[in-house]
Amino acid sequence: MQWTYLSVVTILLIPQSWVQANQPMSRQDVLNHLLNTSRYDSSIAPNFEHDTATNVTIQLLVRSIHSIREISMDFSVDIFLRQKWTDPRLVFTNMTDIIRLELDQKLIDKVWVPDTIFTNEKEAKVHSITVPNKLMHLYQNGTVFYSARIGMTLSCHMELQKYPLDSQFCPFYMESYGYTTENLVFQWDQTNAMEINEVELPQFFIESAPYFDRCDKDYGEAGIFTCLEAGVRLKRNTGYYVIQIFVPSILIVILSWVSFWIDIDSTPARISLGVLTVLTMTTQSSGARSQLPRVSYVKAIDVWMATCLFFVFGALIEFAYANVTFRGKKKEKCLQTTVEENSECSLSKTSFRLFKKCDDPKRRARYIDKTARVLFPLSFLIFNMVFWIYYSFAPDGDPHIT
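Residues numbered from 1 in each chain as written. Predicted model: local features only at pLDDT ≥ 70, side-chain atom pairs only at ≥ 80, totals over all residues. Heavy atoms only, no water.

(A) Main features of the state of the cysteines. Taken as a whole and judged by the stated rule, the model has two disulfides. Covalently, Cys156 is tied to Cys170 through a disulfide, its sulfur atoms 2.4 Å apart. With the S-S bond torsion at -80°, the cross-link from Cys156 to Cys170 turns out left-handed. Of this pair, Cys156 sits in the loop between β7 (143-155) and β8 (167-176) while Cys170 is found in strand β8, placing the two residues 14 residues apart along the sequence. Of the two residues, Cys156 and Cys170, both sit in the buried class. The disulfide partner of Cys215 is Cys227, and the gap between their sulfur atoms is 2.1 Å. Taking the torsion about the sulfur-sulfur bond, which here is approximately -60°, the covalent link between Cys215 and Cys227 counts as left-handed. Of this pair, Cys215 sits in the loop between β12 (211-214) and β13 (217-218) while Cys227 sits in strand β15 (residues 227-236); the two residues are 12 residues apart in sequence, bridging distant segments of the chain. Look at Cys227 and you get buried, because its relative accessible area is 0%. (Disulfide = S-S within 2.5 Å. Helix = DSSP H or I, 4+ residues; strand = E, 2+ residues; numbered from the N terminus. Buried < 20%, exposed > 50% of the residue type's maximum accessible area, 1.4 Å probe, protein only.)

This is the structure in structure tokens:
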């Protein structure tokens, strides 16, 4: 009986303490152990004591691109910034069977995170409805996955020589603010560095795959700082501009040619039509350029508007010349006493005119109108062919656009 009693005591007490010592820790115990302030300092980089750089893998998920503004040269985006790195101080392989730990906002603030900034950012905020939109997962091998939803406005230098037949490259520049490459190095995710989820833009469409590169910056005495560059190529949709600018301006130019078919005697009608088309063309030109920055180079829209204005103004000048010709006095008389309507008169010895029409002012004015009916449409057609061919195939000014 004594041996049996000792056996029971051994079974009840010794294995119990052994099981408690080797029992997997709870999530709370693991977090308390990892984030204990006596052994973990969130203000120090993971490999700071080992004099090695912490490699941070970055991935961008673009949810939306909106408010692309030419006059201020910027664009607004809503993104998920995802970062992944390994922190040896957060390894919990032998503590529990849990694969990963999901941290809430209060615990996220206790973990070291990279000081990532967007150097071309104008305005930015982390979404906070209904709670701050941040996520952090800790894995057994010390890998930290950190994601934040950010809405921001980024500067985008635009080359507008081909506007509105242009393509634009809008970049993202990510850089460490306080750590040099000795302590922190950014690198793109090898599988999916930048993902764009069905982004729809009213005036643009994504022309090609996203662009990626490194852009490490040397700030002299401050050191070399890690930097990553990404960007999207946006091709402007010309449908809006065809409907609102090109078609109306073409119709205005054609309307100015109506005066060539109005009799030369109808001075008020031709003057009113010419002045109306000039003023309309000037107003439309001002409206088309009102949303553009005051750049020093010539844009495609400037060439188009200036040429259309030249044509309508030329139609008005043509009437002025025809009217002066119609009202001028005859300097030479026809040799025939009776001149039929379609007859020709011989030139005098002192005449150097290039045509042999009878020297009747009204007929000369009509001849000018008939010439303009062919010359103006033909010249405008040639201009359209040259304009659309050149600006459709001319390369863009930005080196990122091929």
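Past the structure itself, the notes keep going.
(B) Representation of the packing of helix α4 (residues 239-256) against helix α5 (residues 267-289). Relative orientation of the contacting elements α4 and α5 amounts to 165°, with a least axis distance of 9 Å. Here α5 runs roughly antiparallel to α4, going by the angle between their axes. α5 is crossed by α4, and the crossing has left-handed handedness. Residues Gln244, Ile245, Pro248, Ser249, Ile252, Leu255 and Ser256 of α4 form the contact with α5, whose own contacting residues are Leu273, Thr277, Thr280, Met281, Gln284 and Ala288. Of the residues belonging to the contact of α4 with α5, the class tally is seven nonpolar, six polar and no charged. (Axes fitted to C-alpha atoms, helices over the stretch in contact; angles between N-to-C directions. Parallel < 35°, antiparallel > 145°, perpendicular 65-115°, else oblique. Left-handed = near helix turned anticlockwise from the far one by under 90°. Contact = heavy atoms within 4.5 Å. Nonpolar A, V, L, I, M, F, W, Y, C, P; charged D, E, K, R; others polar.)

(C) Fine view of the nonpolar core. Formed by 83 residues in total, the largest nonpolar core has its most connected members in Phe118 and Phe172. Here the element with the most residues in this core is helix α6 (residues 300-327); it accounts for nine residues. In this view, Phe118 contacts Leu60, Ile79, Leu81, Ile150, Met152, Leu154, Phe172, Tyr173 and Met174; residues no more than four positions away in its chain are not counted. Within the second largest apolar cluster, five residues are counted, among which are Ile264, Phe319, Ala322 and Ala365. (Core = buried A, V, L, I, M, F, W, Y, C linked by side-chain atoms within 4.5 Å.)

(D) α5, seen in detail. The end-to-end C-alpha distance of α5, which contains 23 residues, comes to 33 Å, matching closely the 33 Å that a straight helix rising 1.5 Å per residue would cover. Among all positions in α5, only Arg270, Leu273, Gly274, Thr277, Val278, Met281, Gln284, Ser285 and Ala288 are buried. Of the surrounding elements, those touching the buried residues of α5 are α4, α6 and α7 (361-393). (Expected span 1.5 Å × (residues − 1).)

(E) Molecular detail of the side chain of Asp166. Residue placement: Asp166 occurs in the loop between β7 and β8. According to the relative accessible area criterion, Asp166 is buried, its value standing at 0%. Only 2.6 Å separates the side chain of Asp166 from the side chain of Gln168, close enough to count as a polar contact. Not counting the four nearest positions on each side in its chain, Asp166 is found in contact with Glu159, Leu160, Leu234, Lys235, Arg236 and Asp396. (Polar contact = N/O pair within 3.5 Å; in protein donor to acceptor, adjacent residues only side chain to side chain.)

(F) Structural view of the packing of aromatic side chains. Applying the stated criterion across every chain yields a total of 25 aromatic pairs. Residues Trp188 and Phe212 carry aromatic rings whose centres are separated by 5.3 Å and whose planes lie at 65° to one another, so their mutual orientation is edge-to-face. Placement of the pair is Trp188 in strand β9 (residues 184-188) and Phe212 in strand β12, with a sequence separation of 24 residues. Classification of Trp188 as buried rests on a relative accessible area of 10%. Summarising the aromatic geometry, the rings of Trp304 and Phe387 are spaced 5.2 Å apart at their centres and angled 55° between planes, so their arrangement reads as tilted. Placement of Trp304 in helix α6 and of Phe387 in helix α7 is noted, with a sequence separation of 83 residues between them. The same class applies to Trp304 as to Phe387, namely buried. Between Lys217 and the ring centre of Tyr173, over which it is positioned, the NZ or CZ distance is 6.0 Å. (Phe/Tyr/Trp six-rings, centres within 6.5 Å; stacked < 30°, edge-to-face > 60°. Lys NZ or Arg CZ within 6 Å of the ring centre and 35° of its normal.)

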